[in-house]
Amino acid sequence: QQDDEKEKLFYAKKGIELKEEFRESEHQHQTTDEEEENENENQNENENENGEDDSEGRSGEKKSVIEVADDDLEFSMIPETEISQPHEMGPLERPRLRTSGRIKVVQLKKYLLRKLKMESIDPHAIDVLCNGIVVGNELSLTFINRTIWVDVGSSMELTYKLAEEF
């Protein structure tokens, strides 16, 4: 038990939240003076510009403050026209899209199939291209925008087609 207390103090000094198992046992025991001081320091750090405490939700529970970056991207999705295919894919009704840059290409393919009413096709049967380069399913839109899209001043344009092997 002494080791548990040392571990709790170590994490408290570093400002690291305790694991769930330690939080449950902590509620059963009174906090030490050092833990109370650390809580007061954390509370002061969580005060917003108006001096109000941001760290508690409406229920009074502590919540972690996570800053979310504005990562929305605007881009166009249009069918590939340079390669003649026996089964061309049609255009989207609204080719201009705005979404989180965190989504992966495979999610974009699923969206594309749903909008084109082609749900029976496997998402891997579609290639998504940026500047004529086929992009992998695991890549995020932000990554593609920063590394493959060359025209920084304009909105990204992605094209799609049926994969050659399908």
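The sections below set out a description of the structure shown in this document.

Basis of the calculations
Residues numbered from 1 in each chain as written. Predicted model: local features only at pLDDT ≥ 70, side-chain atom pairs only at ≥ 80, totals over all residues. Heavy atoms only, no water. Helix = DSSP H or I, 4+ residues; strand = E, 2+ residues; numbered from the N terminus. Buried < 20%, exposed > 50% of the residue type's maximum accessible area, 1.4 Å probe, protein only. Contact = heavy atoms within 4.5 Å. Polar contact = N/O pair within 3.5 Å; in protein donor to acceptor, adjacent residues only side chain to side chain. Core = buried A, V, L, I, M, F, W, Y, C linked by side-chain atoms within 4.5 Å. Arc of directions from axis to C-beta. Pairing = 2+ DSSP bridges. Axes fitted to C-alpha atoms, helices over the stretch in contact; angles between N-to-C directions. Patch = residues over 30% accessible without salt bridge, like charges linked within 9 Å, V, L, I, M, F, W, Y side chains within 5 Å. Areas by Shrake-Rupley, 256 points an atom, 1.4 Å probe, with all protein chains shown as cover. Salt bridge = Lys/Arg side-chain N within 4 Å of Asp/Glu carboxyl O. Lys, Arg positive; Asp, Glu negative; His and termini not counted. Charge placed at Lys NZ, Arg CZ, Asp CG, Glu CD.

This next bit is on the environment of E80. Tracing the backbone shows E80 in the loop between β1 (72-79) and β2 (96-100). Classification of E80 as buried rests on a relative accessible area of 13%. Along the primary structure E80 and K161 are separated by 81 residues, whereas in three dimensions their C-alpha atoms are 5.6 Å apart. Among all residues touching E80, those that are not within four sequence positions of it are L129, T159, Y160 and K161. At 2.9 Å, the side chain of E80 forms a polar contact with the side chain of T159.

For the rest of this paragraph, the subject is the nonpolar core. In summary, soluble globular proteins display a tendency toward joint burial of nonpolar side chains. Of all hydrophobic cores here, the largest spans 25 residues; its most connected members are F75, M77, I144 and L158. Going through the elements one at a time, β1, α4 (105-115), β3 (126-130), α5 (141-147) and β5 (156-162) are the ones with two or more residues in this core.

Now for α4. Within α4, burial applies to V105, L108, K109, L112 and L113. Projection of α4 onto a plane perpendicular to its axis shows the buried side chains occupying an angular sector of 140°, all on one side. The inward-facing, buried residues of α4 abut β1, β2, β3, α5 and β5. Phi for K117, located one or two positions after α4, is positive at around 55°.

Below, the discussion takes up the environment of E119. Here E119 shows up in the loop between α4 and β3. When its relative accessible area of 53% is taken as the criterion, E119 is described as exposed. The contact partners of E119, leaving out residues within four places of it in the chain, are L113 and R114.

Moving on, we get to the sheet that holds β5. As summarised here, the arrangement of the five strands in space is β2-β1-β5-β3-β4, forming an open sheet in which the pairing is mixed. Looking at strand neighbours, the two that pair on one side only are β2 and β4 (133-134), the edges of this open sheet. With respect to the sheet, α4 is in contact with β1, β2, β3 and β5, its orientation differing from that of β3 by roughly 115°.

Turning to the pairing of β3, a few remarks are in order. With respect to burial, β3 is a largely interior element, five of its five residues being buried. Residues I126, V128 and C130 of β3 are buried on one face, and the alternating residues D127 and L129, pointing to the opposite face, are buried as well. As paired elements, β3 and β4 share two bridges and run antiparallel to each other. Looking at the pairing, L129 lines up with V134 of β4. Where β3 folds back on β4, the antiparallel hairpin that results is connected by two residues, among which N131 adopts a positive phi of roughly 55°.

Now for a positive patch on the surface. A grouping of R94, R114, K115 and K117 is seen on the molecular surface, where their side chains present a positively charged patch. Within the secondary structure, K115 is located in helix α4. Here K115 falls in the partly exposed class, since its relative accessible area comes to 47%.

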